[in-house]
Amino acid sequence: MTDTRTDDRAAIQAVLSDSYEAWEAGDAEGMVADYTPDATAIMTGSYRDGRDVIRDRMALAFSGPLKGTSTWNKTLGFRFIGTDAAIVVTESGILFGGRTEVPQEGKVHATWVFEKREGRWLIAAYHNAPVLAPAA
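So, a few notes on the structure that sits alongside this text. Predicted model, so just to flag it, every value in this text is computed and none were measured. (Residues numbered from 1 in each chain as written. Predicted model: local features only at pLDDT ≥ 70, side-chain atom pairs only at ≥ 80, totals over all residues. Heavy atoms only, no water.)

**Focus: the overall build of the protein**
Okay, step 1: A tally of regular secondary structure across the protein gives three helices and six strands.
Okay, step 2: Ordering the α and β elements of the protein from the N terminus gives α-α-β-β-α-β-β-β-β.
Okay, step 3: Its C-alpha radius of gyration of 15 Å places the protein within 12% of the 14 Å reference for a compact globule of 136 residues.
Okay, step 4: The 136 residues of the protein split such that 37% are buried.
Okay, step 5: By sequence separation, contacts in the protein at least 24 residues apart represent 50% of the contacts at least 6 residues apart.
Okay, step 6: Accessible surface, the protein as shown: approximately 7900 Å² in total, 54% of it carbon and sulfur.
Okay, step 7: Of note, the protein has its 14 positive side-chain charges centred 4 Å away from the centre of its 19 negative side-chain charges. (Helix = DSSP H or I, 4+ residues; strand = E, 2+ residues; numbered from the N terminus. Rg over C-alpha atoms; globule rule 2.2 N^0.38 Å. Buried < 20%, exposed > 50% of the residue type's maximum accessible area, 1.4 Å probe, protein only. Contact = heavy atoms within 4.5 Å. Areas by Shrake-Rupley, 256 points an atom, 1.4 Å probe, with all protein chains shown as cover. Lys, Arg positive; Asp, Glu negative; His and termini not counted. Charge placed at Lys NZ, Arg CZ, Asp CG, Glu CD.)

What follows is the structure, given as structure tokens:
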């Protein structure tokens, strides 16, 4: 017998890895391949409602300001909600121009909401906000 949570966790991590790899390839279609059709993405100054909108906006970004970029990502939290939902919290940033480190002011905290549909884990929502410097 397999541990379903272990399998589910690995499947969710694979979805994230695939999305990060698609970003690095500048592949907007691949990046949203594991998004639900009604997914939402909220980033500073931007609300993207639906997988097609997310894909189209990312395609524009990959052909412009995000061309040749990759991402840095660190998982901070991971929890399941019932049997068909999970929340993953990451610290992430965009690596511009072949850089290997993201400056502190470029880091974001992101919340990923996953939903299991027809046996497959998909991204239902994404939101990020800048990481603020600790108060002195």
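Additional details are given in the paragraphs that follow.
**Some thoughts on helix α3 (residues 51-63)**
Okay, step 1: Spanning 13 residues, α3 covers 18 Å between terminal C-alpha atoms, matching the ideal 18 Å at 1.5 Å per step.
Okay, step 2: What α3 keeps buried is the set I54, M58, A61 and F62. Considered in projection along α3, the buried side chains sweep an arc of 95° and stay on one side of the axis. For α3, the exposed residues lying more than 90 degrees away from the buried face are L60 and S63. (Expected span 1.5 Å × (residues − 1). Arc of directions from axis to C-beta.)

**Thoughts on the pattern of salt bridges**
Okay, step 1: Summed over the entire model, instances satisfying the criterion amount to nine salt bridges.
Okay, step 2: Across the pair R55 and E29 runs a salt bridge, and its minimum N-O distance is 3.7 Å. Here R55, found in helix α3, pairs with E29, found in helix α2 (residues 28-31); they are 26 residues apart in sequence, far enough to count as distant.
Okay, step 3: Look at E29 and you get partly exposed, because its relative accessible area is 48%.
Okay, step 4: Note that D56 and R55 form a salt bridge whose closest N and O atoms lie 3.0 Å from each other.
Okay, step 5: It is possible to trace a salt-bridge network through shared partners that takes in E29, D52, R55 and D56. (Salt bridge = Lys/Arg side-chain N within 4 Å of Asp/Glu carboxyl O.)

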